[in-house]
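Architecture and fold: a report
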2 protein chains.
Amino acid sequence: MKTISDYRLEIESAIQGLEFPDGKYSSLYEPIRYSLTAGGKRLRPVLTLMGADAFGSNAEEATDAAIGIEIFHNFTLVHDDVMDKSDMRRGRPTVHSKYDENAAILSGDTMLTVASQMISRVADDKLRKVTDTFNDVAIKVYEGQRLDMDFENASEISPESYIEMIVGKTGSLLGGSVKIGAIIGGASEKDADLIYEFGVMTGVAFQIQDDWLDTFGDPATFGKPIGGDINNNKKTYLYISALAQGGQHAEALKSAFEIPSGEMRIKTVTRLYEKAGIGEICKKAVSQYSSKALKALNATSLSEDKKEIFRQFAEKLIGRKK
Amino acid sequence: MKTISDYRLEIESAIQGLEFPDGKYSSLYEPIRYSLTAGGKRLRPVLTLMGADAFGSNAEEATDAAIGIEIFHNFTLVHDDVMDKSDMRRGRPTVHSKYDENAAILSGDTMLTVASQMISRVADDKLRKVTDTFNDVAIKVYEGQRLDMDFENASEISPESYIEMIVGKTGSLLGGSVKIGAIIGGASEKDADLIYEFGVMTGVAFQIQDDWLDTFGDPATFGKPIGGDINNNKKTYLYISALAQGGQHAEALKSAFEIPSGEMRIKTVTRLYEKAGIGEICKKAVSQYSSKALKALNATSLSEDKKEIFRQFAEKLIGRKK
């Protein structure tokens, strides 16, 4: 049986093999190639292959759709980076800072359509289900991104709204990735919905974990500077949970965010999070959403040994230690 | 038999009837509604209905796809306006100036996916052909837009490259609109390709005519201020044809574009175009591409009376007098 690393290698090699028109349209396709070759964990297309193999032993049939999903994911990063004015991603200049904003917008649009093209390369009897799932998930991603942007200027955000935002922005695409694989594999509607739920909930647990790592992670393994969210005023699960406690903690936290960006602000906010027991709250939430994911997985008709690779995937993703 | 105005009314009423989620996602969907209700000639969805009715007497079945195409067209306008930094369109602020750039980017992305959703609302046996046609055309539109952007900084552009650009940016979507209608109507592959050619060539003739009207049109009926392209340094068919003549005309034209924007520049450039016989060159090109369009139309298996409405459409579009 294939391992997660096997799938990842397959994806990496399929991406390297992608051909885009050259010549007079190179200014359109160069930024796309640049965006796709930045590396990354390829979580989403790996999930698609896993879904197809688990439900139908036909990962090969799902490769194009898997790549399409990775292209869609990168499209969202390219446009998000423009909207967030982020200059760096994965240690390299973002598309709009390497090229320009117009290239990021137009090549990003092109990526969305190329993604649709690749995702439609499935058998005729799967086409409608696959494209409907993809389009529905894409809409959820935009809605999640819109909530995230609206949160920037919102004074109060409930933890529930925050979860709704990450279900849209992160969870739905992980869910959609594995569901599209499952559909290609021939899963029943019930199984496809259950494995979607597994993906969504794994995504939510992952995002909360990621928020936590941004403050409490190990700088040696986290990959980004610790405290970035605090410095950038990001509304994270930590911040929102702390504010939701109200009272003195909340007031002190708001004041701490008045401290200019830098070490002092990071230290002060981190200490307040510790006092408020935010680490525990995050851990509890991660474990709660992981349980929901596993519950959905267990309810599928998959055999125990086929369930195992999904458990490994979730473990690998969420088990990341500080 | 239905008239072009009948189809346009149907489209207008279907757009008025579109429902988007309200409430917490209104900041995502409000800009979409705003963009879609700006009016316009609805050329593309009208062509879709015409195609479906001519080949299959089933315009109703094509209404969702037609609206999807109009949404796609408006998505390109929303993003183009960001890229061109245009503040006004059809007498109203553009989406990014009414809301902000991020809203224009994200709601534009959403429009592209909503367009895909609506275009996929066709019978199962038409789904692949319709979505493939749509995706292929979308790619051509992006390629055309990219060429257009690259032309801004190009010192020499051949009339052939310019035609290639407008085939992509304008022609292909008109062609795709009517082809998708024809597919839904049940046209043969040959007929679908011929009517696509009709749409593309009509679009090219229309664009050249539009370039010409921008300089030589009647301010009372043109709808935009005359000379806008000259003031904005736009590389139009007029400019490119004049430069292609080389020699003194070309040198004089380059110098004229050194004059600061305003009446003096418009007058000087217009006089040079007149001297170089650019009006005649444009007229010839418009008539040449119109003929190609009609030739393709005549080659379809449509009966004479069904061909007639397409002729009327082309006439109405290109027959616009100064």
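Here goes a summary of the coordinates provided. Since this is a predicted model, take the numbers as computed values, not measurements.

Looking only at helices and strands, chain A has 16 helices and two strands in total. Scaling as 2.2 N^0.38, a compact globule of 322 residues should have a C-alpha radius of gyration of about 20 Å, and chain A matches this with 20 Å. Looking at chain A as a whole, 57% of its 322 residues are labelled buried. Restricting to contacts in chain A with at least 6 residues of sequence separation, those with at least 24 account for 73%. Within chain A, the 47 negative side-chain charges are centred at a point lying 3 Å from the centre of the 40 positive side-chain charges.

Right, let's get into the relation of the copies chain B and chain A. For the pair chain B and chain A, the best superposition has an RMSD of 0.0 Å and corresponds to a rotation of 180° with a translation of 0.0 Å parallel to the axis. Such a turn and shift between the copies fits a two-fold axis. Here 100% of the interface residues in chain B have copies in chain A that are interface residues too; the copies meet face to matching face.

What follows deals with the interface of chain B and chain A. Listed by partner, the interface residues are 41 residues for chain B and 41 residues for chain A. Regarding the contact of chain B and chain A, the summed buried area is about 3800 Å², with carbon and sulfur atoms giving 55% of it. A per-residue breakdown of the area chain B buries against chain A is headed by Leu106, Arg128 and Arg146 of chain B, which together make up 16% of the total. The interface formed by chain B and chain A contains four salt bridges. Summed over the shared surface of chain B and chain A, the number is 24 residue pairs in polar contact (both at pLDDT 80 or more). Secondary-structure elements contributing two or more residues to the side of chain B that touches chain A are helix H2 (26-36), helix H4 (63-84), helix H6 (101-119) and helix H7 (124-152) of chain B. Split into classes, the residues belonging to the side of chain B that touches chain A amount to 20 nonpolar, 10 polar and 11 charged.

Attention now goes to the side chain of Thr131 of chain A. Residues and elements named next belong to chain A. Its place among the elements puts Thr131 in helix H7 (residues 124-152). With a relative accessible area of 11%, Thr131 lands in the buried category. At 3.3 Å, the side chain of Thr131 and the backbone oxygen of Arg128 are in polar contact.

On to the packing of aromatic side chains, then. Per the stated rule, a full pass over the model turns up 20 aromatic pairs over all chains. Each ring, one from Phe72 of chain A and one from Tyr142 of chain A, has its centre 6.4 Å from the other, and the planes form 55°; the classification is tilted. Of this pair, Phe72 of chain A sits in helix H4 (residues 63-84) while Tyr142 of chain A sits in helix H7, and the two are 70 residues apart along the sequence. Owing to a relative accessible area of 2%, Tyr142 of chain A belongs among the buried residues under this scheme. One aromatic cluster in this structure is built from Phe72, Phe75, Phe134 and Tyr142 of chain A. Lying over the aromatic face of Tyr99 of chain B, Lys98 of chain B brings its terminal NZ or CZ to 5.8 Å of the ring centre.

Ranked by internal contacts, the top residues of the largest apolar core, which has 224 residues, are Tyr273 of chain A together with Tyr273 of chain B. It is helix H9 (residues 189-216) of chain A that provides the largest number of residues to this core, a total of 14 residues. Once you skip the residues sitting within four places of it in the chain, Tyr273 of chain B turns out to touch Thr215, Phe216, Ile230, Thr236, Leu238, Tyr239, Ala242, Leu253, Phe257 and Ile278 of chain B.

A few words now on H6 of chain B. All names here are of chain B. Between its first and last C-alpha, H6 extends 27 Å over 19 residues, near the 27 Å set by a 1.5 Å rise per residue. Of all 19 residues that make up H6, 18 are buried, and the element is covered over most of its length. Between the side-chain oxygen of the N-cap and the backbone nitrogen of Asn102 there are 3.2 Å, and the N-cap of H6 in question is Asp100.

Here we come to the environment of Ile67 of chain A. Residue and element names in this part refer to chain A. Assignment of secondary structure puts Ile67 in helix H4. A C-alpha to C-alpha distance of 9.3 Å links Ile67 and Leu18, two positions 49 residues apart in sequence. Apart from residues no more than four positions distant in its own chain, Ile67 is found in contact with Ile11, Ala14, Ile15, Leu18 and Met118.

So, on to the pattern of salt bridges. Residues and elements named next belong to chain A. With the rule as written, the count across this model stands at 28 salt bridges over all chains. Of the charged contacts, one joins Asp148 and Lys169 as a salt bridge, the two residues approaching to 2.7 Å between their closest N and O atoms. With a gap of 21 residues between them, Asp148 in helix H7 and Lys169 in helix H8 (residues 159-185) connect regions that are remote in the sequence. Given a relative accessible area of 13%, Asp148 falls into the buried group.

As a further point, take the packing of helix H9 (residues 189-216) of chain B against helix H15 (residues 278-299) of chain B. Residues and elements named next belong to chain B. One way to put it is that H9 packs onto H15 with a least axis distance of 8 Å and a crossing angle of 165°. Between H9 and H15, the crossing angle belongs to the class labelled roughly antiparallel. Considering how the two elements wind past one another, H9 and H15 form a crossing that is left-handed. Listed contacts from H15 to Leu194, Ile195, Glu197, Phe198, Met201, Thr202, Val204, Ala205, Ile208, Gln209 and Trp212 of H9 are Gly279, Cys282, Ala285, Val286, Tyr289, Ser290, Lys292, Ala293, Leu294, Ala296, Leu297 and Ala299. Split into classes, the residues belonging to the contact of H9 with H15 amount to 17 nonpolar, four polar and two charged.

Turning to unusual backbone geometry, a few remarks are in order. Unusually for a residue other than glycine, Arg90 of chain A sits at a positive phi of about 50°. Turning to its location among the elements, Arg90 of chain A is positioned in the loop between strand E1 (88-89) and strand E2 (92-93).

All right, on to the packing of helix H1 (residues 4-16) of chain A against H4 of chain A then. Residues and elements named next belong to chain A. Look at H1 against H4: their axes get within 10 Å of each other, and the N-to-C directions meet at 80°. Classified by the interaxial angle, the pair formed by H1 and H4 is roughly perpendicular. Between H1 and H4, the contacting residues are Ile11, Ala14 and Ile15 on the first element and Thr63, Ala66, Ile67 and Glu70 on the second. Residues belonging to the contact of H1 with H4 are distributed by class as follows: five nonpolar, one polar and one charged.

Right, let's get into the environment of Leu106 of chain A. With respect to the helices and strands, the residue Leu106 of chain A is situated in helix H6 (residues 101-119). For Leu106 of chain A, a relative accessible area of 2% puts it in the buried group. When the C-alpha atoms of Leu106 of chain A and Tyr29 of chain A are compared, they prove to be 9.9 Å apart, with 77 residues separating the residues in sequence. Not counting residues within four places of it along the chain, the set of residues in contact with Leu106 of chain A comprises Leu28 of chain A together with Met83, Tyr142, Gln145, Arg146 and Met149 of chain B.

Calculation rules
Residues numbered from 1 in each chain as written. Chains lettered and ligands numbered in written order. Predicted model: local features only at pLDDT ≥ 70, side-chain atom pairs only at ≥ 80, totals over all residues. Heavy atoms only, no water. Helix = DSSP H or I, 4+ residues; strand = E, 2+ residues; numbered from the N terminus. Rg over C-alpha atoms; globule rule 2.2 N^0.38 Å. Buried < 20%, exposed > 50% of the residue type's maximum accessible area, 1.4 Å probe, protein only. Contact = heavy atoms within 4.5 Å. Lys, Arg positive; Asp, Glu negative; His and termini not counted. Charge placed at Lys NZ, Arg CZ, Asp CG, Glu CD. Least-squares fit on C-alpha atoms with pLDDT ≥ 70 in both. Buried area = accessible area lost by both parts, 1.4 Å probe. Salt bridge = Lys/Arg side-chain N within 4 Å of Asp/Glu carboxyl O. Polar contact = N/O pair within 3.5 Å; in protein donor to acceptor, adjacent residues only side chain to side chain. Nonpolar A, V, L, I, M, F, W, Y, C, P; charged D, E, K, R; others polar. Phe/Tyr/Trp six-rings, centres within 6.5 Å; stacked < 30°, edge-to-face > 60°. Lys NZ or Arg CZ within 6 Å of the ring centre and 35° of its normal. Core = buried A, V, L, I, M, F, W, Y, C linked by side-chain atoms within 4.5 Å. Expected span 1.5 Å × (residues − 1). Axes fitted to C-alpha atoms, helices over the stretch in contact; angles between N-to-C directions. Parallel < 35°, antiparallel > 145°, perpendicular 65-115°, else oblique. Left-handed = near helix turned anticlockwise from the far one by under 90°.

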